[in-house]
Every structure is written in structure tokens, then in C-alpha cells.
Amino acid sequence: MAVNVNDNFGLIQNNYLFVEIARRVEEYQKANPDVELIKMGIGDVTRPLAKTVLKAFHDAVDELGQADTFRGYGPEQGYDFLIEDVIKNDYNTIGVELKNSEVFISDGAKCDTGNFQELFSADNTIAVTDPVYPVYVDSNVMAGRSGKMGDDGFYENIVYLPCTEENDFVPALPEEDVDIIYLCYPNNPTGTTLTKDQLKEWVDYAHEHDALILFDAAYESFIKTENVPHSIFEIEGAKEVAVEFRSYSKVAGFTGTRCAYCVVPEEVYVKDSEGNDVQLNPLWNRRQSTKFNGVSYPVQRAAQAIYTEEGKKEIQENLDYYVENAKVIREGLEKIGLHVYGGVDSPYIWFKTPNDIDSWSFFDILLNDAHVVSTPGAGFGPSGEGYIRLTSFNTYENTVEAMERISKLEF
Ligand code: MLT
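Residues numbered from 1 in each chain as written. Predicted model: local features only at pLDDT ≥ 70, side-chain atom pairs only at ≥ 80, totals over all residues. Heavy atoms only, no water.

1. Looking at the packing of aromatic side chains
Here the structure, examined in full by the defined rule, presents 29 aromatic pairs. Judged by centre distance (6.1 Å) and plane angle (80°), the ring pair of Phe351 and Phe362 falls under edge-to-face. Of this pair, Phe351 sits in strand E12 (residues 348-352) while Phe362 sits in helix H11 (residues 359-370), placing them 11 residues apart in sequence. In this pair, the class of Phe351 matches that of Phe362, namely buried. Here the aromatic cluster, defined as three or more aromatic residues joined through ring pairs, consists of Tyr16, Phe18, Phe169, Tyr341, Trp350, Phe380 and Tyr387. Its guanidinium or amino end placed over the ring of Tyr321, Arg47 lies 3.9 Å from that ring's centre, counting from NZ or CZ. Seen from the ring of Tyr348, Arg389 lies directly overhead, with NZ or CZ sitting 3.9 Å from the centre. (Phe/Tyr/Trp six-rings, centres within 6.5 Å; stacked < 30°, edge-to-face > 60°. Helix = DSSP H or I, 4+ residues; strand = E, 2+ residues; numbered from the N terminus. Buried < 20%, exposed > 50% of the residue type's maximum accessible area, 1.4 Å probe, protein only. Lys NZ or Arg CZ within 6 Å of the ring centre and 35° of its normal.)

This is how it looks when you write it as C-alpha cells:
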């Protein structure tokens, strides 16, 4: 007997971007054990869980230790107590009405955005902004939608929408018909945003071309600028053409705790191979019921605590802390003459390398000479070449220190 592998895995880049960075950093640290690295690479939060969240977490764990409050399997879609708070706090406040059955609690936006493509046939054309969060591309490569990667770093069957200094990081609408469009705003990795009018163009495009938008709003809580939409459902007509992903990772420090959700409105329909309408919501529900057993009860209780008055205040303090760091980074890089983007409505700061140094070489310079870990823009796609991403998820002191170190570099 021979077991045949999914050949699509052979089309994928060897290592997931953040695994490759971790490997390089570990190698460096082994060779230089005394060097104190400042890590501004992967977007992993550093502030501890808020007090109110922690208390709810503990209390729920205690409930599991008592026969009369013990719970086993929960609903695959999440507990209503959390879903109701999501709708009330994250959507009703911006004028969006949702049913409980349209919200699916999960263990992460990475999993949701990676898994969602399973609902679609392999012959759909996907479009991604470039640079892009690698999960959207890699999960579609695994599913056989990409074709081969050319020498230029582009997969032959994926439509790339460049976002660079030249277009102010606003992607142009695709010239060709595409079926599934991944948008992430505030953007990972560039930290840039779209206005309501700009996002409306995408919703209109989706209506005109029978396309679907998979909208990743994992960084929504960093938005401060008015007229930047917190949800795609603020845009008229979006409920018929969009699915939205949100996460508690960056909002409330849940990168290790794991909790997120995705909204699949009942209005979204796609087609079967005979051209009949198929409602998307029951498909995702079916997929989750089969492959997912829900997020643990204490984690959902911890997430719910974010919506209490105290919880909201504490979470905001953490967010403000990161926003202040982002300001330090932006100003520090600008002061030494670099072209800096993002970092206003986002924890990510995106900058052009000096003297057109390529991303990985500048990553090495930052690592070896400034002892700062960054993410090379090229790791997010061909249009990220020549850029670097830094995150504001560190202590204030380390952030200031990192800027001092970088300002002493000679390029
Ligand atoms: C990033 O650094 O881009 C994020 O940590 C990715 C993620 O949330 O999975």
C-alpha cells in the first residue's frame, strides 16, 4: 500500500514565516547568549490578562470543580452568554443587528481564516492584498487553489493586489473577476486602514461580481481615527457579501488563552455546481459541528468579562499602552529619516528600509547590530520586499531602548 500525500503541500514555502523567524532568532541567541534581544517580530502581546478577566477565568474553573456546576461539552458554536455580549457590545453599538446563530465563537482568527476556505470549491479564484497575512495564502495553497509559485514569488492562480507607498497602501479593485477576496483592516502587516468610502467600493465590487469578502478585523480595537470602519457590516449591503473575523488575542491579551469569533450573516449565499443558491451560514455551522468542539467554558467566561464595565476599562488601559509604544516607534523611525506607515490605528509599524536594502538583509542588520527582532516585509509577499514590520507589543522601556539602538545604526 502506498499513502499518497496532498501534493499541494509541496507547493508551499518551507516554513511558516513566524516559525522561520523564531528559528533564526534561536540560532542567533544560541551563538550570542549574553545579548539581550528586544522582540518586536511576531505580534504577540506582552501585558498580562486584565484583573476582571482573570477573576472570571478563575471563577469558571472553580465551577468545573463542583458537581452541581460542572460542564462537559459546550455548544460547538459557543455559549449564548458570550454570543449575546458580542452582539450587544461589538455590533449593536455600531448599529448592526445580528442573530445569535450568526456568531460562531472559536479558538482564533488564524484558525477561522485558515479554515473558512474549506467551504468553497477548488476552482474559485482568490484575491489577496500584497503584502498579506500568510495564513490566507498558505491555506489556499494547501487546498489546491494557488497553482505553482513563480520565480517572482507570486502563485500563478492567485490574484495579488499590491499595497505599496505608490498607492498609499490602498489596494486597487481587481481588473479580473475574482470570487473570494481576503481583506484585513486595520491591516496586518502594514498597519494601514481603509475609510468607509474605500471599503464600500469593495462591497460594491462584491455585489457586482458575485464575490465574497472574508474580512479580518482582528485589529479593530486599535482604531481611533473617525471614519475608519470597525466592522465591514457598517457598510450598506455588506451583510449579503461578507463574513467577518474578530479575535480577543490583541484586544485582551488572549494570544495564549485563545478565543475569537466569526460572523456569518444569514444573507450570504453562494452557488453549487449547478448554479443553485446555497446559504453559507449553515455550511459553516455544519463544518464547525463536525470538526470543532467549542472553546473551553472558562475561556468563554474570561472573554465575556471583557464586556463588563471594569473589564472594558482595564482592556483599554492595555490598548493605550501599546498605542503609546506605537507612537514611540513611529516617531523614533521618522526622526532618523525613514518612511513610516501604520501604527496609528494599529499595533503594527511598517517602514521602508534605507537605501533599498532588501527585507531579510535589514532584518539581519536589526538582529545583529541593534539586537532587535523584526519581521521582514518580504515574508508577507512580494510587495513587502524592501519593508520591515515592527510591533508595539513590548514594554515601554524596551520600545524606547529599541529605538535608541536603531537610531545608532549606520546605513
Ligand atoms: C502576526 O505577527 O502577524 C500575528 O501574530 C499573527 C497572528 O495573529 O497569527
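2. Topic: the domain arrangement of the chain
When its domains are assigned, the chain resolves into domain 1 (7-48 + 310-407) and domain 2 (57-306). One C-alpha centre belongs to domain 1, the other to domain 2; they are set 24 Å apart. Of the residues lining the interface, 38 residues belong to domain 1; the matching set on domain 2 comes to 48 residues. Taking both partners together, domain 1 and domain 2 bury about 3,400 Å²; carbon and sulfur atoms supply 61% of that area. At the boundary of domain 1 with domain 2, the tally comes to 1 salt bridge. (Domains from an automatic or database assignment. Contact = heavy atoms within 4.5 Å. Buried area = accessible area lost by both parts, 1.4 Å probe. Salt bridge = Lys/Arg side-chain N within 4 Å of Asp/Glu carboxyl O.)

3. Thoughts on the site of the ligand
As a structural note, the neighbourhood of the ligand is formed by Phe18, Ile42, Gly43, Tyr133, Asn188, Tyr219, Lys250, Tyr348 and Arg389. Between the ligand and the protein, one listed contact pairs an oxygen atom with a side-chain N or O atom of Tyr133 at 2.6 Å. Lys250 has a polar side-chain atom sitting 2.8 Å from an oxygen atom of the ligand. Out of a free accessible area of 270 Å², the ligand has 85% covered by protein chains. Mapped onto the domain boundaries, the shell around the ligand takes at least three residues apiece from domain 1 (7-48 + 310-407) and domain 2 (57-306). (Near = heavy atom within 4 Å. Polar contact = N/O pair within 3.5 Å; in protein donor to acceptor, adjacent residues only side chain to side chain. Areas by Shrake-Rupley, 256 points an atom, 1.4 Å probe, with all protein chains shown as cover.)

4. As for a negative patch on the surface
Among the surface-exposed residues, Glu175, Glu176, Asp177 and Asp210 lie close enough to one another that they form a single negatively charged patch. By secondary structure assignment, the location of Asp177 is in the loop between strand E4 (159-162) and strand E5 (180-184). Classification of Asp177 by relative accessible area gives exposed; the value is 54%. (Patch = residues over 30% accessible without salt bridge, like charges linked within 9 Å, V, L, I, M, F, W, Y side chains within 5 Å. Lys, Arg positive; Asp, Glu negative; His and termini not counted. Charge placed at Lys NZ, Arg CZ, Asp CG, Glu CD.)

5. Some thoughts on the sheet that holds strand E6 (residues 212-216)
Whenever strands of a sheet pair, they do so through backbone hydrogen bonds, lying parallel or antiparallel. Across the sheet, 7 strands lie side by side as E2-E8-E7-E6-E5-E3-E4; this open sheet has mixed pairing. The open sheet terminates on both sides in strands that have one partner only, identified here as strand E2 (103-106) and E4. Mean inter-strand twist for the sheet, computed between neighbouring axes without regard to direction, equals 20°. This element, helix H3 (residues 80-91), spans E2, strand E7 (242-247) and strand E8 (260-263) of the sheet and lies at about 115° to E2. Running at roughly 150° to strand E3 (residues 126-130), helix H5 (residues 134-142) makes contact with E3, E5 and E6 of the sheet. (Pairing = 2+ DSSP bridges. Axes fitted to C-alpha atoms, helices over the stretch in contact; angles between N-to-C directions.)

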